[in-house]
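Examination of the molecular architecture
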Amino acid sequence: MEAAKRRAWVEVDLGALRRNATALAARAAVPLLPMIKADAYGLGAVAVARALAPMGVWGFGVAAVAEAEELRTAGITERILLVSPSLPEEFPDVRRLAVTPAFGAPATLLQWIEGGGGTWHLSIDTGMNRAGVPWFQIGDIVDLVRSHPPEGAFTHFHSADRNDGSRQLQQERFREAVDALPMRPPLLHAENSPGIERQGPSAWDVARPGVFLYGVGGDEGAAVRPEPVVHLRARVVEIRDVFDGGTVSYGATWRASGTRRVATVSAGYADGYRRAFGNRGTALVHGRAAPVAGMVTMDMTMLDVTGVPCAVGDVATLLGRDGEALLDVNDVARVAELSPYELLVGLALRAPRIYTEGAS
Ligand SMILES: *Cc1c(COP(=O)(O)O)cnc(C)c1O
């Protein structure tokens with residue numbers, strides 16, 4: 001789509017994505033297994049895989065067979081690990097697509113083996129109680145592991161972004177479970193993005209980052225910081241003066257005191273600019289801050305541009321960089337009490353993704 005025809009779009013900076021991967025790989029000092037589930041957190045799994053594959057990743061992580069199918073159809077030949085549990089009825093597709101499944105439930109693993117087996121990873125639950133064999137019940141699966149050894153074994157941290165000791169406890173449980181296996185699987189993995197940021201060299205063989213690659217991380221205390229990757233932009237389509245006492249948008253929650261200049265931009269919650277930003281978010285126009293005025297609507301959002309140079313057709317930035325100014329995903333999410341993960345994943349709704357090699 002030519003720029004002139006775009007009303008709202010998500011710019012994805014693949015150069016920044018690669019630099020984030022390089023920085024994280026250097027810190028982890030092991031190969032990466034980038035998590036590109038949920039369409040690479042809304043950025044586009046195929047584009048992300050194509051950008052990262054030449055860097056020599058170990059493989060890619062997905063959460064659904066359909067996600068693996070999309071990657072294979074697009075010609076992605078790297079290993080694909082299906083980290084979420086799969087169901088026996090999915091096994092034919094898992095095999096056809098040469099996907100590596102993960103198992104923690106002995107009954108499902110038995111069906112995998114009886115159906116012909118194949119490369120798999122052992123999922124070990126060390127405290128999340130979501131998926132995987134509980135570390136203290138590892139004995140339940142030892143015989144199957146002996147008969148059909150996994151290529152890898154992994155666990156998942158529930159609070160790696162906190163310094164609360166839970167990660168150390170989970171690591172000990174993981175180590176204990178792995179030690180109870182008849183053999184050490186060649187590939188052990190555990191760290192997500194905050195796990196790598198906060199620790200440095202991996203304690204294991206590969207690392208599984210997601211969100212850092214997409215520009216989210218670098219909280220206080222983190223030794224590495226990601227570059228912004230995602231920029232949500234929309235055009236200014238109308239501008240008006242709202243006179244003293246006039247209200248803006250549904251519910252009339254915003255009221256002008258004195259005359260205010262209000263710009264309407266062509267993006268709303270159907271483009272992933274969440275309703276929660278109503279009266280709380282801030283956009284950038286020509287690098288200057290313009291607060292959201294009133295509720296975000298499905299297709300349009302109003303900005304208070306009083307004192308900000310602004311004309312119909314200008315580009316407003318709702319997330320990401322505009323010149324020197326930056327709306328960081330973490331900060332923007334926090335303003336509306338959203339998870340940065342949810343914010344990113346939601347951007348894939350309607351706005352088309354435009355891939356660049358540097359912020360435009
Ligand atoms: C999503 C996911 C990750 C990546 O987590 P981030 O916090 O985005 O780095 C790693 N491992 C598993 C099992 C996951 O589901």
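Here the structure is shown first, and the text comes after it.
Okay, so let's go over this structure.

Cut-offs applied
The numbering scheme is per chain: residues are counted from 1 as the chain's sequence reads. This being a predicted model, a pLDDT of at least 70 is required before a residue's local features are given, and a value of 80 or more before pairs of side-chain atoms are given or counted; all residues contribute to the totals for chains, interfaces and linings. The side-chain quantities take in all heavy atoms of the structure and omit both hydrogens and water. Each helix corresponds to a stretch of at least 4 residues labelled H or I by DSSP, and each strand to a stretch of at least 2 residues labelled E; elements are numbered beginning at the N terminus. Multiply 1.5 Å by the residue count of a helix minus one, and that product is the helix's expected span. Relative accessibility thresholds used throughout: buried, under 20% of the residue-type maximum; exposed, over 50%; partly exposed, between the two (1.4 Å probe, protein chains only). Should any heavy atoms of two residues lie within 4.5 Å, those residues are considered in contact. The term polar contact refers here to a pair of N or O atoms within 3.5 Å; inside protein, the definition further demands a hydrogen-donor-capable atom paired with an acceptor-capable atom, and it admits residues adjacent in sequence only when both atoms are side-chain atoms. Paired strands are those between which DSSP finds at least two bridges. Note on handedness: a clockwise path from strand one over the helix to strand two, with the strands aimed away from the viewer, defines a right-handed crossover. Residues are classed as near a molecule or strand on a simple rule: at least one heavy atom within 4 Å of it. Working definition of accessibility: Shrake-Rupley area with a 1.4 Å probe, residue cover restricted to the visible protein chains. A pocket, in this scheme, is an open set of points on a 1 Å grid over the protein atoms alone with protein on both sides within 12 Å along at least 5 of 7 lines, while a cavity is a set where a 1.4 Å probe fits but cannot get out; residues line either one if an atom lies within 4 Å of a point. Each molecule is assigned to a cavity or pocket provided more than half of its atoms lie within 2 Å of the corresponding grid points. The pairing test for Phe, Tyr and Trp rings, Trp by its six-membered ring, is centres within 6.5 Å, and the orientation test on the planes gives stacked under 30 degrees, edge-to-face over 60, and tilted for anything in between. Two thresholds decide whether a charge sits over a ring: the Lys NZ or Arg CZ must be within 6 Å of the ring centre and within 35 degrees of the ring normal. Here, a salt bridge means any Lys or Arg side-chain nitrogen found within 4 Å of an Asp or Glu carboxyl oxygen. Grid points are joined across faces, edges and corners, and a volume is the space filled by probe spheres set on the points. All residues other than Ala, Val, Leu, Ile, Met, Phe, Trp, Tyr, Cys, Pro, Asp, Glu, Lys and Arg, Gly among them, are scored as polar; the first ten of these are nonpolar and the last four charged.

1. Focus on helix α1 (residues 14-28)
The end-to-end C-alpha separation of α1 is 21 Å, in line with the 21 Å expected for 15 residues at 1.5 Å each. Within the span of α1, buried status applies to L14, G15, A16, L17, N20, A21, L24 and A28. Against the buried residues of α1 lie β1 (8-13), α3 (45-52), α9 (193-199) and β18 (353-356). Where α1 starts, the residue carrying a side-chain oxygen 3.0 Å from the main-chain nitrogen of G15 turns out to be D13. Directly after α1, the chain includes A29, whose backbone phi takes a positive value near 60°.

2. Observations concerning the environment of D219
Turning to its location among the elements, D219 is positioned in the loop between α9 and β9 (230-242). Separated by 22 residues in the primary sequence, D219 and E197 place their C-alpha atoms 9.2 Å from one another. Beyond its immediate stretch of four places on either side in the chain, D219 contacts E197, R198, R225, N330 and R334.

3. Section: the pairing of strand β5 (residues 121-125)
By the criterion of burial, β5 is predominantly enclosed, with 5 of the 5 residues buried. Residue alternation in β5 divides its side chains into two sets, H121, S123 and D125 and L122 and I124, and both sets are buried. Two strands pair when backbone bridges link them, and strand β4 (residues 100-103) and β5 are joined in this way by 2 bridges, in the parallel orientation. Among the inter-strand pairings, F103 is bridged to a residue of β5, identified as L122. Tracing the backbone out of β4, into helix α6 (residues 106-114) and back to the parallel element β5 gives a crossover that is right-handed. In the sheet, β5 pairs with strand β7 (residues 152-154) via 3 bridges, with the strands oriented parallel. Counterpart to S123 in the pairing with β7 is F154.

4. Quick look at the site of the ligand
Around the ligand, a shell composed of 13 residues is seen, among which K37, Y41, S193, R208 and Y341 lie nearest. A distance of 2.8 Å separates an oxygen atom of the ligand from a polar atom in the backbone of V211. Note that an oxygen atom of the ligand is positioned 2.6 Å from one of the side-chain N or O atoms of Y341. Relative to its unbound accessible surface of 390 Å², the ligand loses 93% to contact with the protein. Judged by its atoms lying within 2 Å of the grid points, the ligand is housed in the largest pocket.

5. What about the packing of aromatic side chains?
For the coordinates displayed, the defined rule picks out 9 aromatic pairs. Their ring planes at 55° and their centres at 4.9 Å tell us that Y41 and Y214 sit as a pair that is tilted. Of this pair, Y41 sits in helix α2 (residues 37-41) while Y214 sits in the loop between α9 and β9, placing them 173 residues apart in sequence. Grouping residues by exposure puts Y41 and Y214 together as buried. Judged by centre distance (5.5 Å) and plane angle (45°), the rings of F103 and W112 are tilted. Each of the two residues, F103 as well as W112, counts as buried. Through a chain of ring-to-ring contacts, three or more aromatic side chains come together here, namely F91, F103, W112 and W120. It is R6 that lies over the ring of W9; its NZ or CZ is 5.4 Å from the centre.

6. Some words on the pattern of salt bridges
Applying the stated criterion across every chain, the model contains 18 salt bridges. One salt bridge connects R353 with D39, and the closest N-O pair in it is separated by 3.0 Å. You can see R353 sitting in strand β18 and its partner D39 sitting in helix α2, a full 314 residues away along the chain. Its relative accessible area of 28% is what places R353 among the partly exposed residues. The class for D39 is partly exposed, based on a relative accessible area of 22%. Between R280 and E337 there is a salt bridge, with its nearest N and O atoms 3.1 Å apart. Of this pair, R280 sits in the loop between β12 (260-265) and β13 (282-285) while E337 sits in the loop between α10 (329-335) and α11 (340-346), and the two are 57 residues apart along the sequence. By relative accessible area, R280 is classed as partly exposed at 38%. E337 sits in the exposed class, given a relative accessible area of 68%.

7. Some points on α3
Taking burial as the measure, the 8 residues of α3 include 7 buried ones, the bulk of the element. Taken together, the buried positions of α3 are A45, V46, A47, V48, A49, A51 and L52. On its buried side, α3 packs onto α1, α2, β2 (59-62), α4 (65-73) and β18.

8. Points about the side chain of S86
Here S86 is to be found in the loop between β3 (79-82) and α5 (91-96). Setting aside residues up to four positions removed in sequence, S86 forms contacts with F91, P101, A102, F103 and T108.

9. Comments concerning the layout of surface pockets
By volume, the largest pocket amounts to about 910 Å³. Along its surface, the largest pocket is lined by 42 residues, and K37, H156, F157, N192 and Y341 are the ones closest to its centre. Of all the secondary structure elements, the ones that give two or more residues to the lining of the largest pocket are α2, β5, α9, α10 and α11. In terms of residues, the lining of the largest pocket owes the most to one element, α9, which gives 4 residues. Taken together, the residues of the lining of the largest pocket sort by class into 19 nonpolar, 14 polar and 9 charged.

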